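Given next are the chains, with one letter for each unit.
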Amino acid sequence: MTPTPSGGPEPVLTVDGLTVSFRSRYGSVQAVDGISYELAPGEVLAVVGESGCGKSVTSMAVLGLLPPTAHTTGSIRFADGRGGTRELLGADERTLGSVRGKEIAMIFQEPMTSLNPVLTVGRQIAEVLRRHQGLNRAQARARAVELLGLVGIPAPDRRVDEYPHQLSGGMRQRVMIAIAVACDPRVLIADEPTTALDVTVQAGILDVLRNLREQLGTAIVLITHDLGVVADIADRVLVMYAGRAVEQGTVQEVFAEPRHPYTRGLLDAVLRPGTRPEGGRLREIPGVVPRLTDSPDVCTFAPRCDRADERCTALRPALDTAAHAAACWHPLAGAAAPAPSEATR
Amino acid sequence: MIPYLLRRAGQSLVTLVLVSVVVFLGVRALPGDPALAMAGETPDPQLVAAIRHQYGFDQSLPVQYWKFVSSAVTGNFGISSRTGMSVTHSILSAAPVTVELALLSLLLATLIGIGAGVAAAVRRGRPTEWLANAVALLGLSVPSFWLGMVLVLAFAVAIPLFAASGFVPISADPLDNLHRMALPALVLGSGMAAVVMRQTRSSMLESLSADYVRTARAKGLARRQVVYGHALRNSLITVTTVLGLQLGQLISGAVVTEQIFVLPGFGKLTLDAVTNRDYATIQGVVLCTATAYILVNLLVDVLYSAIDPRIRIGGAA
Ligand SMILES: Nc1ncnc2c1ncn2[C@@H]1O[C@H](COP(=O)(O)OP(=O)(O)OP(=O)(O)O)[C@@H](O)[C@H]1O
Ligand SMILES: [Mg+2]
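Residues numbered from 1 in each chain as written. Chains lettered and ligands numbered in written order. Predicted model: local features only at pLDDT ≥ 70, side-chain atom pairs only at ≥ 80, totals over all residues. Heavy atoms only, no water.

Student: Quick question: what am I supposed to make of the coordination of the magnesium ion (ligand 2) here?
Tutor: Coordination angles at a metal have ideal targets, namely 109.5 degrees for four tetrahedral donors and 90 or 180 degrees for six octahedral donors. All names here are of chain A. The coordination sphere of the magnesium ion (ligand 2), as far as protein atoms go, consists of Ser56 (OG) and Gln109 (OE1), spread over 1.9 to 2.4 Å. Note that Ser56 is positioned in helix 1 (residues 55-62) and Gln109 in the loop between strand 6 (104-107) and helix 3 (121-133), a separation of 53 residues in sequence. A relative accessible area of 19% means that Ser56 is categorised as buried. (Donors = N, O, S within 2.8 Å, 3.2 Å for Na, K, Ca; no water. Helix = DSSP H or I, 4+ residues; strand = E, 2+ residues; numbered from the N terminus. Buried < 20%, exposed > 50% of the residue type's maximum accessible area, 1.4 Å probe, protein only.)

Set out below in structure tokens:
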């Protein structure tokens, strides 16, 4: 599948110029600065970037789960596929309540703490079924057992009555997936669903996600550090740097021909033999990720970039939303530089 | 669970034996002689000797202790040297007063404390929180005798909603009983309510920012269900611990409260017994109170593990 962001089927989720800043008495932090993407039905979009670049904050904003200290602007639209479109950013609790867990579900980064320790896993799955599908207690329980089996938990009729502390990390993450897929959501946001787990467990979890997309046509936003996972399962990639999107395109395009020097750096670190450091972590790109307090009109990667010139520190490069594009004044591989348009809408 | 309960029962037994020794020696270490106290203004030595003999005060301490303990296990605490009546009888008639007072205050403290604590946590930074905090601070710092007087002046004298003294058994007239017990229960429960409120508030603030609450919200659950079904369920674990720790204070606080409101409970019984060197009554009351205290703590432990599955069912599978 090669979905074209514009011109293809109507996107199920549209994030448009999203900004998120946190205000505290110690000053403000610009965690997300103008992220836009479109997610087609059944598409797997990978969001990659270094730790702290705003991946989790972006996805939390979609479901309105940010703390009250967060200040957001932009637009997040959800299309329910029946002709209705809902604006989610700044929506009231009732609107969000009807979307959360039913239309858009989320798997969180922390499998060990994301389940309630005093409730059985069955109860925690049943809850979402009773809320959105109006099942009674017995029906919800039966369906919970079914879902546990679906996500690959052995002896589901026994596990359903167990508490989270009786399950391993991988099992807990499967339970989280069971909760997330319980109501056949149109969109699943998976925030590093495998990072906290060991490699064999990772493969199993990815299989579950893949099946979900194939069998139910669920669109998935997959947040990950792991470019191997991206190559394995994703259709398109969005590369984030310090709260901004710096490159996007299909997996083939971006991996074969990265245009942003930052993307290139990320890929060099893992894909080229010989440059792969011990433990497979990203190669150090010289310099540090800036911690932004506002939204400067420059390329924030310039201090770490060997292609940077005075233009990069004077103007902010925009990211074209069509096809393969990079927010860079001096893109690699002969691509044309983007026009200096308004980056933050 | 069963081995644990057996171990706890064993510990409790040891504690009770120690308590019995301490109270037995304690009352005898008090200055004053019960026989002299009973014999009147100008004691006749023969009468004093007769009284001593009648109550067994002339026997050796080990013999006296043995008599006390061996009859205590059958529920017989001997004869009061003050009233000449069975101590067991006076304990049984005082117990309903104190037990009701303690239960009512516990109920009030739990309802007010948890309710206000949840409200303060949910409405963080808004007037509700400040109000709840201010009231809690007041509840903690105001001594009960003073609070008792103020409440009596306000709600028994100025606005006569409640009675200020006396006791009517709940079996005789439930309404009149509550009418008289409301103020004492409020006085006794206020300190505990404040402690419970503060604990509930801080542990709710913690629960509400926990990852599993975020999960609950991500499921689209109603706010009420997120707050009570998820956050409070977890907070109750620490709140129960605090309730257990506070129960001791409830028992000692009851003595003062009963004095203020002239209630014929354990407090009055103890005070009368101590002023009259009534050994048998003091021993009986202390032993019964200690037993109640131990039982209640055991109950709290059981409750604790009922709320927290990590205690009830150990270990990862
Ligand atoms: N509640 C908050 N208050 C203040 N700052 C926050 C808050 N949550 C996140 N941030 C900041 O927002 C930025 C982005 O955080 P985010 O969690 O989205 O990173 P991430 O890309 O998910 O990183 P990781 O890969 O480590 O999960 C970070 O600088 C973080 O410190
Ligand atoms: Mg994250």
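Resuming the write-up.
Student: Is there a simple way to explain the packing of aromatic side chains in this structure?
Tutor: Residue and element names in this part refer to chain A. Under the defined criterion, the tally for this structure stands at eight aromatic pairs over all chains. Seen in terms of ring centroids, Tyr241 and Phe301 are 5.0 Å apart; in terms of plane orientation they differ by 85°. Their pairing is edge-to-face. Note that Tyr241 is positioned in strand 9 (residues 236-241) and Phe301 in the loop between helix 10 (261-271) and strand 11 (325-326), a separation of 60 residues in sequence. Phe301 carries the same exposure label as Tyr241, and that label is buried. Both rings, one in Tyr262 and one in Phe301, keep their centres 5.3 Å apart while their planes meet at 70°; by these two values the pair is edge-to-face. Taken together, the residues span a long stretch of sequence, with Tyr262 in helix 10 and Phe301 in the loop between helix 10 and strand 11 at a distance of 39 residues. One exposure class covers both Tyr262 and Phe301, and it is buried. (Phe/Tyr/Trp six-rings, centres within 6.5 Å; stacked < 30°, edge-to-face > 60°.)

Student: Explain the sheet that holds strand 5 (residues 85-87) of chain A to me, please; I cannot follow it from the model alone.
Tutor: Backbone-to-backbone hydrogen bonds pair the strands of a sheet. The strands run either parallel or antiparallel. Residues and elements named next belong to chain A. Read across the open sheet, the four strands follow the order 2-1-4-5; overall the sheet is antiparallel. This sheet does not close on itself; its edge strands, each paired only once, are strand 2 (27-39) and strand 5. Taking each pair of neighbouring strands and ignoring which way they run, the sheet shows an average axis angle of 10°. As paired strands, strand 1 (residues 13-24) and strand 2 are joined by ten bridges and run antiparallel to one another. When the sheet's bridge partners are listed, Ser21 is paired in strand 2 with Gln30. In the packing of helix 1 onto the sheet, contacts are made with strand 1, strand 2 and strand 4 (70-79), and the angle to strand 1 comes to roughly 110°. (Pairing = 2+ DSSP bridges. Axes fitted to C-alpha atoms, helices over the stretch in contact; angles between N-to-C directions. Contact = heavy atoms within 4.5 Å.)

Student: Which parts of the structure should I look at to understand the pairing of strand 3 (residues 44-48) of chain A?
Tutor: Where a strand is regular, its side chains alternate between the two sheet faces. All names here are of chain A. The buried fraction of strand 3 is high, at five of five residues. Of the two faces of strand 3, the one holding Val44, Ala46 and Val48 and the one holding Leu45 and Val47 are both buried throughout. With four bridges connecting them, strand 3 and strand 8 (residues 219-223) associate as parallel partners. Following the sheet pairing, Val47 is matched in strand 8 by Ile223. Sheet topology places strand 3 next to strand 9; four bridges connect them, and they run parallel. Bridged to Val47 within strand 9 is Leu238.

Student: Looking at this model, I keep getting lost on the interface of chain B and chain A. Mind explaining?
Tutor: How big an interface is tends to be expressed through the accessible area that disappears when the partners come together. Taken together, the 25 residues of chain B in the interface contact 30 residues of chain A. For the chain B face of the interface with chain A, the top three residues by lost area are B:Arg214, B:Arg217 and B:Lys219, together amounting to 27%. At the junction of chain B and chain A, the tally comes to two salt bridges. Note that A:Glu127 is salt-bridged to B:Lys219, the shortest N-O span being 2.7 Å. (Buried area = accessible area lost by both parts, 1.4 Å probe. Salt bridge = Lys/Arg side-chain N within 4 Å of Asp/Glu carboxyl O.)

Student: It is not clear to me how the side chain of A:Arg159 should be interpreted in this structure. Could you clarify?
Tutor: Residues and elements named next belong to chain A. Tracing the sequence through the fold places Arg159 in helix 5 (residues 156-159). Overall, Arg159 belongs to the buried group, its relative accessible area being 13%. Reaching out from Arg159, the side chain makes a polar contact with the side chain of Glu162 at a distance of 2.6 Å. (Polar contact = N/O pair within 3.5 Å; in protein donor to acceptor, adjacent residues only side chain to side chain.)

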